[in-house]
Amino acid sequence: MSKSVLAARRGLVVKAGLFGAAWLLGAARAATGAGANASNAFRAPSDTAAAIGATAAHGPFLAIAQAGKRLVAAGLRGRIAYSDDEGKTWQQARVPVEVDLVALSFPTASEGWAVGHRGVVLTTQDAGATWKRRFAEQQLNELIVNHYKAAGAAADSAGARAAAGAARSIEDGSTPSLLDVWFESPTTGYVVGTFNLIFRTDDAGKTWVPTMEAVDNPEELHFYAVRGQGNGLYMTGEKGSVWHFDAAQKRWAAVPTGYVGTLFGLVADGLRVLAYGMRGRIYASEDAGQHWQVVSSPAKAGIVAGVRLQGGEIVLADQSGELLQSKDAGRSFAALNAKSRVAAFSLLQSGTGQLFAAGPGGVARVAMNAS
């Protein structure tokens, strides 16, 4: 099985683990009216505009973000929707691809980014109403090859190995899967994905530079999430791995948690970081990952989403639909809204304090009354 097939399967499972991939794909087709793009001639999903459906607010959505006062959600088959009234009504955005989109980031109120499978990177300048394709298919592989060739990477270096892997992918037609995008400032951002894939921009996305050689990741493990800023910037991945960015060395140092399973995401606040993942596991560090503690919680299923609220509380969502809340900076968790489960792949607190969950059924407002 090729790397691209494995990556696509792993990425979808991570972002949509509550239900099977086949169910989600069927739901997406029904919601978007995918038959509108049907024709006898095949067109690649990265060259096909997302179908416009009658019910913009319906999922499945895998990511939710805020652009100024606007809510923006993204999901399967290139579907992006936005709301200007705190989720009461939604409109569907114009998107140039029909590729599954798994992550969003808005460094400013109007400029935003979305990433997904088939090497797709999209950008918007109007707070998510319309999108343009920045990269797709083999373009990221070509960028890797050209960058390390121009840099004169030594044959045994991580850069040379990255270039060789990208060249093989170009030859066999496989494309990378991107699993997260994050801007720590209006100018500096990251795109991460499968098999040690990481790009950085320092000019608000005008140029993207591969930085695989700057990560302690000899096994080429997948990166599932990137969050934080400055010396409080982190990534999570497979085999219980967390990486902390050393701004002085300009290098991502591995800071293993001791866990052997995948960590799907994190909540970062300076030196303190909370990593969560499979089997309801939560790990916390208060010294930039040098030491980790297992955090007590009632979660039994994998945790796939997390958010720090304006008051300092942390809310996590697991694959069973359980929401967990911590009122002590992530040192312990208890069930939130135990009587009502919320299927969530992504969580967001809006500027007005409302908590929203994006999931297979669309975007839902979540009541904040603790059980």
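What comes next concerns the included structure. (Residues numbered from 1 in each chain as written. Predicted model: local features only at pLDDT ≥ 70, side-chain atom pairs only at ≥ 80, totals over all residues. Heavy atoms only, no water.)

1. Notes on the pairing of strand S14 (residues 232–237)
For S14, a buried count of six out of six residues is recorded, marking the element as mostly surrounded by other parts of the structure. Across the two faces of S14 the burial is the same, with Gly232, Tyr234 and Thr236 and Leu233, Met235 and Gly237 all buried. Judged from the six bridges that link them, strand S13 (residues 223–229) and S14 form a sheet pairing that is antiparallel. Along S14, the bridge assignment pairs Arg227 with Tyr234. Counting the residues in the hairpin turn of S13 and S14 gives two residues, including Gly230, whose phi is positive at 55°. Bridge count between S14 and strand S15 (residues 242–246): three bridges; the pairing is antiparallel. Residue pairing in the sheet places Met235 in a bridge with Trp243 of S15. (Buried < 20%, exposed > 50% of the residue type's maximum accessible area, 1.4 Å probe, protein only. Helix = DSSP H or I, 4+ residues; strand = E, 2+ residues; numbered from the N terminus. Pairing = 2+ DSSP bridges.)

2. Side note on unusual backbone geometry
In this structure, Arg77 is a non-glycine residue whose phi angle is positive, near 55°. A residue is classified by how much of its surface remains accessible, and Arg77, at 13% relative accessible area, is buried. In this structure, Lys239 is a non-glycine residue whose phi angle is positive, near 55°. Assignment of secondary structure puts Lys239 in the loop between S14 and S15. The class for Lys239 is partly exposed, based on a relative accessible area of 47%.

3. Digging into the packing of aromatic side chains
Summed over the entire model, instances satisfying the criterion amount to nine aromatic pairs. Seen in terms of ring centroids, Trp113 and Trp208 are 5.3 Å apart; in terms of plane orientation they differ by 75°. Their pairing is edge-to-face. Taken together, the residues span a long stretch of sequence, with Trp113 in strand S6 (residues 112–116) and Trp208 in the loop between strand S11 (198–201) and strand S12 (209–210) at a distance of 95 residues. Take Trp113 and Trp208: they sit in the same class, and that class is buried. Between the aromatic rings of Tyr190 and Trp252, the centroid separation amounts to 5.7 Å while the plane-to-plane angle is 85°, which identifies the pairing as edge-to-face. Of this pair, Tyr190 sits in strand S10 (residues 189–193) while Trp252 is found in strand S16 (residues 251–254), placing the two residues 62 residues apart along the sequence. Both residues of the pair, Tyr190 and Trp252, belong to the buried class. Among the aromatic residues, those joined into a ring-pair cluster are Trp113, Phe183 and Trp208. (Phe/Tyr/Trp six-rings, centres within 6.5 Å; stacked < 30°, edge-to-face > 60°.)

4. Re the nonpolar core
Counting 35 residues, the largest nonpolar core has Ile144, Ile198, Met235 and Trp252 as the members making the most contacts within it. Other than its neighbours up to four places away in sequence, Ile198 contacts Tyr190, Val191, Val192, Val209, Pro210, Thr211, Met212, Val215, Phe223, Met235 and Trp252. One finds Val72, Tyr82, Ala114 and Ala129 within the second-largest nonpolar core, a separate group that totals 22 residues. (Core = buried A, V, L, I, M, F, W, Y, C linked by side-chain atoms within 4.5 Å. Contact = heavy atoms within 4.5 Å.)

5. Quick notes on the pattern of salt bridges
By the definition in use, this model includes 11 salt bridges. Asp84 is the partner of Arg70 in a salt bridge, and the nearest nitrogen-oxygen pair spans 2.7 Å. Residue Arg70 is found in strand S2 (residues 70–75), and its partner Asp84 is found in the loop between strand S3 (80–83) and strand S4 (91–92); the two are separated by 14 residues along the sequence. The partner of Glu322 in a salt bridge is Arg341, and the shortest N-O contact between them spans 3.7 Å. Residue Glu322 is found in the loop between strand S22 (314–318) and strand S23 (323–326), and its partner Arg341 is found in the loop between strand S24 (334–336) and strand S25 (346–349); the two are separated by 19 residues along the sequence. For Glu322, a relative accessible area of 15% gives the class buried. For Arg341, a relative accessible area of 52% corresponds to the exposed category. What emerges from the salt-bridge pattern is a single network uniting Arg272, Glu286 and Arg331. (Salt bridge = Lys/Arg side-chain N within 4 Å of Asp/Glu carboxyl O.)

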